[in-house]
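# Structural overview for review
Residue-level listing of the chains:
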Amino acid sequence: MSSMMRNARFLFACAAGSAALLLAPVAGAQEVETINVMTSNDASCSPYPQIASDEFGFFAKAGVKVNLLSSSTSIPFLAFLSNGDADIVMLDPGQVLQAATADQPIAVIYEAYQGASDGIVVPAAGDVQSVADLKGKIVGMATDRDQLTTVMALSTVGMTISEVETVVVGEEIPVVAQALNNKTIQAYAAANSEFAALAASGFDLRNITPVQVSQVPGNSWTVWKPTLDAKRDLIQRFLRAWAMGQHSGIMDTKAVMAACKKRIPEQWEKPGNGERVVNNSVMNTQIRRTVKYGELQRDVWEGIQQPYVDFGEIPKKIDIDTFLDTSFIDAANSFTTDEVKAGVKAWKEANKDIAR
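What counts and how
All residue numbers refer to positions counted from 1 along the written sequence of the respective chain. For this predicted model, a pLDDT threshold of at least 70 governs which residues receive local features, and a threshold of 80 or more governs which side-chain atom pairs are given and counted, while totals over whole chains, interfaces and linings are taken from all residues. Computation of side-chain values covers all heavy atoms of the structure but excludes hydrogens and water. Numbered from the N terminus, helices here are DSSP runs of H or I no shorter than four residues, and strands are runs of E no shorter than two. Both definitions apply: the radius of gyration is a C-alpha atom measure, and the globule rule equals 2.2 Å times residues to the power 0.38. Here the term buried applies to any residue with accessible area under 20% of the maximum for its type, exposed to any over 50%, and partly exposed to those in between, with areas from a 1.4 Å probe on protein chains only. The contact criterion used is simple: two residues touch if any of their non-hydrogen atoms lie within 4.5 Å. For this document, the term salt bridge refers to a Lys or Arg side-chain nitrogen within 4 Å of an Asp or Glu carboxyl oxygen. A pair of strands counts as paired when DSSP detects no fewer than two bridges linking them. Under the convention used throughout, the expected extent of a helix is 1.5 Å for every residue step, that is, one less than its residue count. A residue's bend is simply the angle between two axes: one fitted to the seven residues ending at it, one to the seven starting at it. Here, nonpolar core refers to any group of buried Ala, Val, Leu, Ile, Met, Phe, Trp, Tyr and Cys residues whose side-chain atoms link them within 4.5 Å. As used in this structure description, the phrase polar contact means that two N or O atoms lie within 3.5 Å; if the pair is within protein, one of them must be able to donate a hydrogen and the other to accept it, and residues adjacent in sequence are counted only when both atoms belong to side chains. In this analysis an axis means a line fitted to C-alpha atoms, helices contributing only their contacting stretch, and an angle means the value between N-to-C directions, from 0 to 180 degrees. The rule for a disulfide is simple: a pair of cysteine sulfur atoms within 2.5 Å.

Glancing now at the overall build of the chain. When you go through the chain residue by residue, the secondary structure sums to 15 helices and 11 strands. Since a compact globule built from 356 residues should have a radius of gyration of about 21 Å, the 20 Å found for the chain is in line with a globular shape. In terms of its C-alpha atoms, the chain occupies a principal-axis envelope of roughly 65 × 50 × 35 Å. Burial analysis of the chain (356 residues in total) assigns 55% to the buried set. Counted over contacts in the chain with a minimum sequence separation of 6, partners at least 24 positions apart contribute 82%.

Here it is as structure tokens:
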């Protein structure tokens, strides 16, 4: 899956190849329907609503049983969508644009991550204060895919990739830290997971990622148009529960942390790691940047295309109306804060031994 915001970049050293997560059955008379879902990472607390919406009973109330398919696969998520194995998947902007320009019948219906995972950081004690200061400097990259991030960042100040030197240094934190310390590289282009790990190792960083880069959709819920009408009600109920889970992160971050620690304890084995993962998702990648949760940002989708064209990711710009579908947003947001509070409160009462 070649694109800037790689789904695999949300891995946080959790158990590999985790089994499908079957959520608790719904109480009451409402019929339970199973929905097959692929998120950015099924083995991480990064997409925290997949845990919060289950633990707090939002999926159950919606009559939805989520079959969370493993994200640890080399097969493109789009293939699972097109063959019917998945009903809804997260795709990053590159994957969306590539599918749309290839005339694949996809529809982006909800921006799950309204903040990008990728960016550029520099040592806080260094002389680089902004992207403009990178001229003539060496930018280390986690993978060659981070060259697109660098291209997009430089373009915001009228610079091109030819004005810096780039080198792939990888994702091993000790190696990256050494390269920054001995000034083999002066900046590092990677994902938030690498930045968090660097910070956790004691490295003091300055994030110089331009707003135009950091505020593009990182992952968006995407569906297959030919099956959309038949699955509309189920997908609407799923998105409503998901949005409630997102809101719970803002409303009671500590409760979300406790729920995530219950589900994925291994992510909390290293002190501070779990908290960083959840806080980054709540306050950065998944924070709502629009009036409504998941609202599609037409101007952003228009604006991000040219760098993908320039970098050869897509052959040409495409009409956003061919792949954006806003008809799910109102249904996804048809909940109240009181409903979210009630779910969180009930969970805390039932989990007093771990609830914060």
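Scanning the entire structure with this criterion turns up 11 salt bridges. A salt bridge links K231 to D87; its shortest N-O distance comes to 2.6 Å. Here K231, found in helix α9 (residues 228–251), pairs with D87, found in the loop between α3 (77–82) and β4 (88–91); they are 144 residues apart in sequence, far enough to count as distant. Per residue, the accessibility class of K231 equals that of D87, and both read buried. Between D252 and K348 there is a salt bridge, and its shortest N-O distance comes to 2.8 Å. Here K348 lies in helix α15 (residues 337–350) and D252 lies in the loop between α9 and α10 (253–263), a separation of 96 residues in the sequence. The exposure class of D252 is buried, given its relative accessible area of 17%. With a relative accessible area of 26%, K348 lands in the partly exposed category.

Before going further, it helps to examine the pairing of strand β3 (residues 64–68). Within β3, four of the five residues are buried, leaving the element largely enclosed by the surrounding structure. Here five bridges tie strand β2 (residues 33–38) to β3, and the two strands are oriented parallel to one another. Residue pairing for β3: E33 is matched across the bridge by V64.

Moving on, we come to α9. A rise of 1.5 Å per residue sets the reference length of α9, with its 24 residues, at 34 Å; its end C-alpha atoms lie 32 Å apart and thus fit the reference within 8%. Considering bend angle alone, the principal kink of α9 is centred on L234 and spans about 35°.

Our focus in this paragraph is the pairing of strand β9 (residues 187–191). Burial within β9 is extensive, with five of its five residues counted as buried. Burial along β9 is two-sided: A187, A189 and A191 facing one way and Y188 and A190 facing the other are all buried. Here strand β7 (residues 138–141) pairs with β9 via three bridges, running parallel. From the neighbouring strand, V139 faces β9, where its bridge partner is A187.

This paragraph deals with the environment of I120. You can see I120 is positioned in strand β6 (residues 118–123). C-alpha of I120 to C-alpha of A199: the two residues are 79 residues apart in sequence and 14 Å apart in space. In contact with I120, not counting residues within four places along its chain, are L134, T150, A153, A187, Y188, A189, F195, R206, N207, I208 and T209.

In this structure, I88, I109, Y110, W221, F238 and L239 are the most contacted members of the largest nonpolar core, which totals 50 residues. For this core, the leading source of residues is α9, giving nine residues. By size, the runner-up hydrophobic cluster in this structure holds 45 residues, among which are L91, A99, A153 and V216.

On the secondary structure map, Q286 appears in the loop between α11 (273–285) and α12 (298–303). Classification of Q286 by relative accessible area gives buried; the value is 2%. Among the polar contacts made by the side chain of Q286, one reaches the main-chain carbonyl oxygen of S46 at a distance of 2.7 Å. Excluding residues that lie within four positions of it along the chain, Q286 makes contacts with S46, P47, Y48, P49, A112, Y113, W242, Q246 and S281.

Take the sheet that holds β6 next. Judged by pairing direction, the sheet is mixed, and its five strands sit side by side in the order β8-β7-β9-β6-β10 without closing on themselves. Across the chains shown, the open sheet's two edge strands, defined by having one partner strand only, are β8 (165–168) and β10 (205–207). Taken pair by pair, the neighbouring strands of this sheet meet at an average axis angle of 30°, ignoring direction. Lying over the sheet, helix α5 (residues 146–155) contacts β6, β7, β8 and β9, oriented at roughly 80° with respect to β6.

This paragraph deals with unusual backbone geometry. Look at D103: it is not a glycine, yet its phi comes out positive at around 65°. Among the secondary structure elements, D103 is positioned in the loop between α4 (93–101) and β5 (106–113). In this structure D103 comes out as exposed when scored by relative accessible area, which is 68%.

With that out of the way, let us pick up the state of the cysteines. Evaluated as defined, the whole model comprises zero disulfides. Cysteine C45 remains unbridged, with the sulfur of C260 as its closest cysteine sulfur at 3.9 Å. Owing to a relative accessible area of 0%, C260 belongs among the buried residues under this scheme.

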